[in-house]
Amino acid sequence: MPQKNPIALKTAEGGFPPSKGLEKIIAGETALSLVDGVEGKLYYSGIPVHEFVDNSSFEEVAYLLWYGKLPAKGELDAFKQKLVASRKLPPEIFGLIERLPAQGHPMAVLRTVISALAFHDDNADDISSDGTLEKAYVLTAAAPTIIAASYRLRQGKKPIEPDPKLSHAANFLYMMHGEVPQPEMERGLDAYLILLADHGFNASTFAARVTAATESDMYSAIASAIGTLKGDLHGSANQRAMEMILAVGDVEKAEAYVSNILDNKKKVMGFGHRVYKEKDPRAEAFRGIAAQMLEKAGERKWMEISNAIEKVMWEKKRIPCNVDFFSASVLYVLGFPVSFFTTVFAASRMAGWTGHVIEQRKDNKLIRPSCVYTGPRDQHYPPIDQRK
């Protein structure tokens, strides 16, 4: 029987037991958002997230995440103007997007272009408070421009220049589709951007903070976050959820489709959450938004299928849906290609990621967790001719 590692035992017995995925491990502090998994609530700086959906805008939420307070009217106006001024991309960036493989994953394109933006920033390595904040403006404002340009170039169309008269959400849709969106569509996207803006130490945010903690640049931190969000167990679940809804195709087929997934011991995307055990408050908000938007667009079918899938999951597994489930239908009716869903998630979370980098820099310490070694001990190096 192999000997137990005394160093590992000492670490574990000293109050730091191994935890897969760092579950229940406190990795740091944040004042940006509180994820209350027991009560099923989400707060930004102590304010319930649904109050922002009802009364605020993505721009105001971004201000709160970066500055730690809600802006006065003059402050918000100046903030919006600075975001607008940061929307344009260097011409070389459009050339880069055009040269990337058309079949490449949209999140890989976003990750690559965000990295490339650093070459067009003379102060890319400035990690001072002011320098970090400047990059938060650039990255948050430019993300929709990158995403829309990537989409249009894939369609053989020219990218559309940002419209300074439009809000962050309305301009995003305008650059995607070439038309100023109807107010309900603008509001739908704005609500999406608000609800996904921040969520505690989720995987991608933690990745950004780990990178920032090394005193690396903001572009590297955000590239780390994008790469993390790309995974099916994190950001791309909304894409997989919509693919499932589309594959079901008919409300009468929902039960058989979901049952088949469960019988094969596979995960039904859009259900369950690592933190929320009873309900995801963002899912509750998206349920109403999706119902209104799909009804307005004459696409009730997708809502009916979604309701049927949710019913099967609750009856068979007692698992509630999460933010990815109904938000998928919102993005679909807004005209975003399913393969681009996760990039829209990234555009929203950009405000949170950059806010966490700002917060990390204020009281920085290298993030370097311990681990429990489980390999063999007291071994010796064997010559190559003695190995089996």
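Structure first, text after, so check above.
First things first, this report covers the structure right here in the doc. (Residues numbered from 1 in each chain as written. Predicted model: local features only at pLDDT ≥ 70, side-chain atom pairs only at ≥ 80, totals over all residues. Heavy atoms only, no water.)

## Topic: the layout of surface pockets
The computed volume of the largest pocket comes to approximately 1500 Å³. Surrounding the largest pocket, 41 residues form its lining, Phe201, Asn202, Ala203, Arg274 and Val275 being those nearest its centre. Elements that contribute at least two residues to the lining of the largest pocket include exactly strand E1 (33-36), helix H10 (203-213), helix H16 (323-333) and helix H17 (341-362). If one sorts the elements of the lining of the largest pocket by residue count, E1 sits on top with 3 residues. (1 Å grid on protein atoms, 1.4 Å probe; cavity = no way out; pocket = protein on both sides within 12 Å on 5 of 7 lines; lining within 4 Å. Points joined across faces, edges and corners; volume = space filled by probe spheres on them. Helix = DSSP H or I, 4+ residues; strand = E, 2+ residues; numbered from the N terminus.)

## Here we look at the packing of helix H5 (residues 91-99) against helix H6 (residues 106-117)
A pair of packed helices is captured by two measures, namely the crossing angle of their axes and the spacing between those axes. Taken N-terminus to C-terminus, the directions of H5 and H6 make an angle of 150 degrees; their axes are 11 Å apart at the nearest point. In terms of orientation, H5 and H6 fall into the roughly antiparallel class. With respect to the hand of their crossing, H5 and H6 are arranged in right-handed fashion. Across the interface between the two elements, Ile93, Leu96 and Ile97 from H5 touch Val113, Ala116 and Leu117 from H6. Taken together, the residues of the contact of H5 with H6 break down into 6 nonpolar, no polar and no charged. (Axes fitted to C-alpha atoms, helices over the stretch in contact; angles between N-to-C directions. Parallel < 35°, antiparallel > 145°, perpendicular 65-115°, else oblique. Left-handed = near helix turned anticlockwise from the far one by under 90°. Contact = heavy atoms within 4.5 Å. Nonpolar A, V, L, I, M, F, W, Y, C, P; charged D, E, K, R; others polar.)

## What about the pairing of E1?
Bridge count for E1 against strand E2 (residues 41-44) is 4 bridges, and the pairing is antiparallel. Within E2, the position partnered with leucine 34 by the bridge is tyrosine 43. Two successive antiparallel strands, E1 and E2, enclose a turn made up of 4 residues, where glycine 40 displays a positive phi of approximately 70 degrees. (Pairing = 2+ DSSP bridges.)

## A short note on helix H7 (residues 129-154)
Spanning 26 residues, H7 covers 37 Å between terminal C-alpha atoms, matching the ideal 38 Å at 1.5 Å per step. The sharpest bend along H7 reaches about 35 degrees and sits at alanine 142, with the proline proline 144 one to four residues further on. Just downstream of H7 lies glycine 156, where phi reads positive at about 75 degrees. (Expected span 1.5 Å × (residues − 1). Bend = angle between axes of the 7 residues up to and from the residue.)

## Section: the environment of leucine 70
Note on placement: leucine 70 falls in the loop between helix H3 (58-67) and helix H4 (73-85). Leucine 70 sits 304 residues away from threonine 374 along the chain, and the two C-alpha atoms are 48 Å apart. Apart from the residues lying within four places of it in its own chain, the contact partners of leucine 70 are Ile47, Phe52, Glu60, Tyr63, Leu64 and Glu75.

## What about the packing of H6 against helix H11 (residues 218-229)?
The contact between H6 and H11 brings their axes to 9 Å, and the two run at 175 degrees. When the axes of H6 and H11 are compared, the pair comes out roughly antiparallel. Facing H6, whose interface residues are Met107, Leu110, Arg111, Ile114, Ser115 and Leu117, H11 presents Tyr219, Ile222, Ala223, Ile226, Gly227 and Leu229. Class assignment for the residues of the contact of H6 with H11 results in 9 nonpolar, 2 polar and 1 charged.

## Some words on the environment of glycine 21
Relative to the helices and strands, glycine 21 is located in the loop between helix H1 (6-13) and E1. In this structure glycine 21 comes out as exposed when scored by relative accessible area, which is 62%. When the C-alpha atoms of glycine 21 and phenylalanine 340 are compared, they prove to be 27 Å apart, with 319 residues separating the residues in sequence. (Buried < 20%, exposed > 50% of the residue type's maximum accessible area, 1.4 Å probe, protein only.)

## Digging into the side chain of threonine 132
In this fold, threonine 132 is placed in helix H7. Each residue touching threonine 132, except ones within four places of it in the same chain, is listed here: Asp126, Ile127, Met218, Val357, Ile358 and Arg361.

## Digging into the packing of aromatic side chains
Scanning all chains against the criterion turns up 14 aromatic pairs. Judged by centre distance (5.6 Å) and plane angle (45 degrees), the ring pair of tyrosine 192 and phenylalanine 286 falls under tilted. Here tyrosine 192 is found in helix H9 (residues 183-195), whereas its partner phenylalanine 286 is found in helix H14 (residues 281-296), with 94 residues between them in sequence. Each member of the pair, tyrosine 192 as well as phenylalanine 286, carries the same accessibility label: buried. Relative to phenylalanine 206, the ring of phenylalanine 201 lies with its centre 6.1 Å away and its plane at 35 degrees, an arrangement referred to as tilted. Overall, the relative accessible area of 30% leaves phenylalanine 201 in the partly exposed class. What links up through ring pairs into an aromatic cluster is the set Tyr63, Trp66, Tyr67, Phe79 and Tyr137. (Phe/Tyr/Trp six-rings, centres within 6.5 Å; stacked < 30°, edge-to-face > 60°.)

## Thoughts on unusual backbone geometry
Of note, the phi angle at serine 45 is positive, near 50 degrees, even though the residue is not glycine. Among the structural elements, serine 45 can be located in the loop between E2 and strand E3 (47-48). Residue serine 45 is classed as partly exposed on the basis of its relative accessible area, which comes to 32%. Unlike most non-glycine residues, glutamate 215 shows phi in positive territory, near 70 degrees. Turning to its location among the elements, glutamate 215 is positioned in the loop between H10 and H11.

## A look at the pairing of E2
Note that E2 and E3 share 2 bridges and pair antiparallel. Its bridge partner being in E3, tyrosine 43 is matched across the sheet by proline 48. Counted between consecutive antiparallel strands, the loop separating E2 from E3 contains 2 residues, among which serine 45 sits at a positive phi close to 50 degrees.

## Thoughts on the nonpolar core
Soluble globular proteins tend to pack their nonpolar side chains together in the buried interior. With 114 residues, the main nonpolar core has Leu189, Ile309 and Phe336 as its most contacted residues. At 12 residues, the largest contribution of residues to this core is made by H7. Excluding its chain neighbours within four sequence positions, the residues that come into contact with leucine 189 are Ala169, Phe172, Leu173, Leu334, Phe336 and Val344. (Core = buried A, V, L, I, M, F, W, Y, C linked by side-chain atoms within 4.5 Å.)

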